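Structural characterization, general
Take a look at the letters that make up each chain.
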Amino acid sequence: MPDRQKLKPQAADLSAVLREIIKQKDDLYVFFPTPDYFKLVQEQGGSGAAPKPAAPK
């Protein structure tokens, strides 16, 4: 892993990111969960399960 101080958060279209990951022979990307993700997991009961879709109104 490169020097963490040199890493800068970036945002991109998810399909473009996945396309680039698939093209690469080696793993060059790291995804870090956001504080919002951890908050969502806690709100969902910390089960680690995927969030359930909201019911239609």
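For the structure itself, look to the data block above.
Heads up: these notes are all about the structure in this document.

**As for the pattern of salt bridges**
One pass over the full model with this rule turns up one salt bridge. Across the salt bridge formed by Lys23 and Glu20, the nearest N and O atoms sit 3.2 Å from each other. Note that Lys23 and Glu20 are positioned in helix H1 (residues 14-23) at a spacing of three residues, about one turn of the helix. Under the relative-accessibility criterion, Lys23 is labelled exposed at 57%. The class of Glu20 is partly exposed, set by a relative accessible area of 30%.

**Examining a nonpolar patch on the surface**
On the surface, Leu7, Val30 and Phe32 cluster together to form a nonpolar patch covering roughly 270 Å² of accessible area. Take Leu7: it is sitting in the segment before H1.

Rules behind the numbers
- Residues numbered from 1 in each chain as written.
- Predicted model: local features only at pLDDT ≥ 70, side-chain atom pairs only at ≥ 80, totals over all residues.
- Heavy atoms only, no water.
- Salt bridge = Lys/Arg side-chain N within 4 Å of Asp/Glu carboxyl O.
- Helix = DSSP H or I, 4+ residues; strand = E, 2+ residues; numbered from the N terminus.
- Buried < 20%, exposed > 50% of the residue type's maximum accessible area, 1.4 Å probe, protein only.
- Patch = residues over 30% accessible without salt bridge, like charges linked within 9 Å, V, L, I, M, F, W, Y side chains within 5 Å.
- Areas by Shrake-Rupley, 256 points an atom, 1.4 Å probe, with all protein chains shown as cover.

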